[in-house]
Amino acid sequence: MPHKIGFVVVSSSGHEDGFSARELMIHAPTVSGWRSPRFCQFPQEIVLQMVERCRIRKLQLLAHQYMIPSKVEFYISESLPEYFVPYQAERFRRLGYVSLCDNEKTGCKARELKSVYVDAVGQFLKLIFHENHVNKYNIYNQVALVAVNIIGDPADFGDESHITSREKLIDHYLGQHSSEDPALEGTCTGKSDYISPLDDLAFDMYQDPEVAQIIRKLDERKREAVQKERYDYAKKLKQAIADLQKVGERLGRYEVEKRCAVEKEDYDLAKEKKQQMEQFRNQVYEQLQLHSLVDAEPMRRPSDLPLQPLTHSASPRHKQQVPSLPPQEESAPESRFAEPFLQEKPPAHPPGPSQHSTADQSPPATDPHLKTHLQSVPYDERPLPATRKQPAAAALEPEKSDSDVSEAPKRGAAGEPEPLTEKALREASPAVDVLGESLVAGAYSKTWSYREDALLALYKQLMETPAGTPKEELKSMLRASIFLVRRAIRDIVTPASLKLLKMIITQYIPKHKLSKLETAHCVERTIPVLLTRTGDSSARLRVIASNFIQEMALFKEVRSLQIIPSYLVQPLKANCSTHLAMSQMSLLARLLKDLGTGTTGFTIDNVMKFSVSALEHRVYEVRETAVRVILDMYKQHRAFILEYLPPDDSTTRKNVLYKTIFEGFAKIDGRPTDAEIRAQKKAATEEAEKRKKDEIKALQGQLAALKDIQAEAQGKEGPSMEVESQDTQGGKAAPPPAPEIPDNHYLDNLCIFCGERSESFTEEGLDLHYWKHCLMLTRCTHCKQVVEISSLTEHLLTECDKKDGFGKCYRCSEAILKEELPRHIKTKECNPAKPEKLANRCPLCHENFSPGEEAWKVHLMGPAGCTMNLRKTHVLHKVPAPLPAGRGTAVTKTGTSGSKVGSKIPTPKGLNKSSGRTYTKR
């Protein structure tokens with residue numbers, strides 16, 4: 001019949017302080033269970049080892065109220081405890097998974113109990129926890145498990161349930177079918193797959209441990225009574241079990257309340273709850289009269305706290321010393337019931353007088369270390385209170401003598417290793433059959449020197465094996481030797497174990513001409529353990545293990561098998577240690593240089609997939625080594641490597657590792673890197689700016705020369721006019737000065753935009769001046785109209801025939817073609833414009849300058865103004881050479897610059913910038 005299976009926690013991927021996975025081995029109302037580390041990587045896993053190989057019928061999980069995994073997977077294995085070798089994951093067989101509720105309906109106040117019915121045989125159970133459900137309470141993204149329960153039947157290696165054993169066949173032919181009552185074959189308890197409610201996880205998690213133990217014992221008595229047809233006694237036991245279940249739940253609730261009070265440091269409440277529990281427990285035991293249900297010796301209840309009954313002044317029976325054994329007739333109602341369930345084996349001999357005298361003494365102070373140990377173990381594993389309350393010397397002295405007697409055969413004679421334990425003997429039985437028990441005992445010894453001597457003796461024995469030995473015997477010796485070597489390496493990497501392994505591969509197998517299967521067996525059994533040792537905390541052991549793996553991979557017998565490379569390219573686990581990841585990556589890089597790719601086990605596919613995944617590892621050294629491996633692979637295979645990498649664009653290059661990789665590719669190909677290209681562009685830009693400055697300087701020199709020419713022309717014009725006036729007057733008095741020009745003729749022969757006055761500015765002359773020469777105007781290249789430069793942007797946006805093809809940039813406020821506007825905005829190369837009140841914006845040179853109408857004239861017509869005004873540069877390039885002295889009058893009539901300098905005529909207000917009309921008339 002299936003029953004609860006005990007287990008131990010072999011390993012876990014991690015835990016938060018105070019919430020180890022070993023908490024899962026205890027089922028009680030006050031257990032905390034296991035919690036993953038804060039902000040851990042998923043998935044998390046726990047491996048359990050059952051006390052024996054069994055057929056699992058039912059699995060139960062009690063989830064946390066808010067640290068809930070979204071999914072839990074189950075794996076089972078029958079292999080030996082190889083979990084610490086991370087490359088043996090294939091030994092586990094997947095059973096399936098269960099999904100857990102996010103618990104939002106209950107407000108994360110209830111815990112989900114999940115039961116799964118399975119049918120699988122094995123001894124190791126692995127639980128894999130996936131990412132947690134998100135809620136407001138789980139601020140650290142943890143997953144937790146309060147309890148796990150395994151229910152099943154023991155299973156033998158050679159017999160399955162569907163194969164009839166030899167004993168069953170004999171019983172069948174002898175007519176001894178079953179000792180059970182045939183009337184029970186149709187009941188629940190008579191079925192082979194019946195699971196008792198007392199084995200359910202809910203029973204243990206809500207029952208007081210002591211009461212739960214009593215209930216189980218009474219349930220066994222009830223089944224025995226039914227078999228013996230003592231139905232009245234069975235009925236009485238059934239009623240007692242039902243009442244005790246209510247009592248156990250209540251006591252469990254009291255225990256939880258007491259624990260909460262202790263955590264809050266409310267010790268008065270904790271003391272009150274403790275006394276309430278003891279009083280209620282004693283009352284219930286007396287009311288149920290359990291002593292009439294169990295025939296056994298009286299014994300006290302074990303507990304982690306002294307179980308003194310409450311002291312009442314009205315009851316003289318409670319004034320006795322509790323540590324001493326009370327009289328039989330007074331303590332019978334409570335004591336006779338409890339002892340048989342806790343003391344499964346009676347003492348070897350009755351206690352002597354010295355023990356009674358010790359028990360009657362007052363209890364001394366308890367050793368704090370002993371107390372701490374007692375509080376950390378389950379109820380059913382704690383020593384008896386009567387023994388624990390004795391003085392330390394008196395209590396331990398008789399036990400020492402017993403232990404000395406019981407452990408005498410274990411130590412062996414002086415100078416010899418201790419004999420094998422029963423567990424070790426079962427585990428190493430094949431090696432014992434081949435190599436002898438004494439040699440195997442030395443290899444299993446706890447003393448390092450004995451283990452080394454055993455391996456050296458085995459080395460000598462294998463070397464001396466004659467060549468004519470039968471193949472089967474040779475194979476048996478080889479496999480037994482590898483078993484011991486593997487165990488020695490798992491314990492600690494020693495020179496003797498590595499020497500023995502090297503001799504077996506390179507000498508023993510070739511000498512006796514054994515097949516490659518034996519070499520493969522040696523490598524496959526030892527390489528995972530060696531790889532695990534590369535993650536050891538000791539640097540010396542890491543180096544020894546790594547060097548030997550590299551040496552072994554280069555053996556000609558091992559190289560052709562291509563086994564070691566297949567282990568090295570397995571993806572790194574998220575929870576593997578830092579040293580292990582670094583060692584594996586370093587070994588891969590070193591062996592790639594020694595072996596290369598091709599027929600060595602390393603291929604482009606497996607190496608690149610492993611290296612690309614290693615680029616995301618949390619350890620910096622692993623990522624750097626992965627970059628070196630990828631660059632080395634690119635030197636050999638070039639374009640094939642690019643298939644495993646993301647495209648080379650700006651988004652990918654934001655990742656520093658990929659940027660380093662692609663720049664390394666460029667160096668290998670002889671192409672300039674991005675940094676070199678940027679340096680070249682920067683140098684070209686600086687050269688262009690230098691040339692631009694030189695051109696501006698030359699232009700300014702030309703403007704200065706033009707000013708000097710104008711000054712000379714004006715200086716020669718003054719004296720000639722005076723001489724002319726004196727000749728015409730003939731020495732007479734000079735006539736009065738000419739009358740001033742009337743106001744209504746002020747605008748005659750004047751450009752109202754640039755302020756230039758000229759006799760040639762007739763109606764047709766002004767049209768020509770506006771069309772070609774006025775420095776304040778320009779022609780729109782899209783509609784050919786002549787507009788003011790200051791209103792060119794507004795013209796393009798609102799009045800031009802092509803205005804629908806322009807958009808306004810929000811940075812520089814200029815008109816840009818719509819097809820170029822997105823690129824213009826994205827590159828952000830334009831000069832930002834300032835508000836109109838603070839500065840004007842030139843649409844030609846795209847520069848900001850001082851605000852105001854007069855500032856436009858200075859900018860567009862001045863020598864240090866706009867450098868992109870084509871009309872001004874055209875005039876500068878056509879400056880005539882200095883004229884002779886007698887031709888000064890011609891400069892006055894035709895020169896435009898002389899009258900323009902110092903002109904104070906403003907732009908007429910009636911012609912504003914927004915007019916946008918074609919200026920073809922005065």
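You'll find the structure just up there.
Residues numbered from 1 in each chain as written. Predicted model: local features only at pLDDT ≥ 70, side-chain atom pairs only at ≥ 80, totals over all residues. Heavy atoms only, no water.

A. Representation of the overall build of the protein. Each helix and strand counted, the protein has 33 helices and 14 strands in total. Within the protein, buried positions represent 40% of all 922 residues. Residue pairs at least 24 apart in sequence account for 66% of intrachain contacts in the protein once pairs closer than 6 positions are excluded. Approximately 52900 Å² of the protein is accessible, and the part contributed by carbon and sulfur atoms is 53%. (Helix = DSSP H or I, 4+ residues; strand = E, 2+ residues; numbered from the N terminus. Buried < 20%, exposed > 50% of the residue type's maximum accessible area, 1.4 Å probe, protein only. Contact = heavy atoms within 4.5 Å. Areas by Shrake-Rupley, 256 points an atom, 1.4 Å probe, with all protein chains shown as cover.)

B. Here's a closer look at the environment of isoleucine 56. By secondary structure assignment, the location of isoleucine 56 is in strand 4 (residues 44–63). Between the C-alpha atom of isoleucine 56 and that of isoleucine 150, which follows or precedes it by 94 residues, the distance is 7.0 Å. The residues contacting isoleucine 56, other than those within four sequence positions of it, are Met50, Ile76, Val118, Asp119, Ala120, Ile150, Ile151 and Gly152.

C. Looking closely at the side chain of glutamate 814. By secondary structure assignment, the location of glutamate 814 is in the loop between strand 11 (806–808) and strand 12 (815–817). On the basis of relative accessibility, which here comes to 5%, the residue glutamate 814 falls in the buried class. Side-chain polar atoms of glutamate 814 contact the side chain of arginine 841, separated by 2.9 Å. Residues in contact with glutamate 814, not counting those within four places in the same chain, are Thr793, Gly807, Lys808, Cys809, Arg841, Cys842, Pro843 and His846. (Polar contact = N/O pair within 3.5 Å; in protein donor to acceptor, adjacent residues only side chain to side chain.)

D. Representation of helix 18 (residues 539–553) within the structure. With 15 residues, helix 18 ought to run about 21 Å at 1.5 Å a step, and its terminal C-alpha atoms sit 21 Å apart, in line with that. Within helix 18 the residues assigned to the buried category are Leu541, Arg542, Ala545, Ser546, Phe548, Ile549, Gln550, Met552 and Ala553. Next to the buried residues of helix 18 lie helix 16 (495–512), helix 17 (516–533), helix 19 (556–559), helix 20 (564–568) and helix 21 (578–595). (Expected span 1.5 Å × (residues − 1).)

E. Region of interest: the pattern of salt bridges. In total, this model carries 26 salt bridges according to the counting rule given. The closest approach of N and O atoms between arginine 94 and glutamate 73, which form a salt bridge, is 2.6 Å. Within this pair, whereas arginine 94 is found in strand 6 (residues 93–99), its partner glutamate 73 is found in strand 5 (residues 71–77), the two being separated by 21 residues in sequence. Judged by its relative accessible area of 8%, glutamate 73 is buried. Connected via shared salt-bridge partners are Arg55, Arg57, Asp119 and Asp153. (Salt bridge = Lys/Arg side-chain N within 4 Å of Asp/Glu carboxyl O.)

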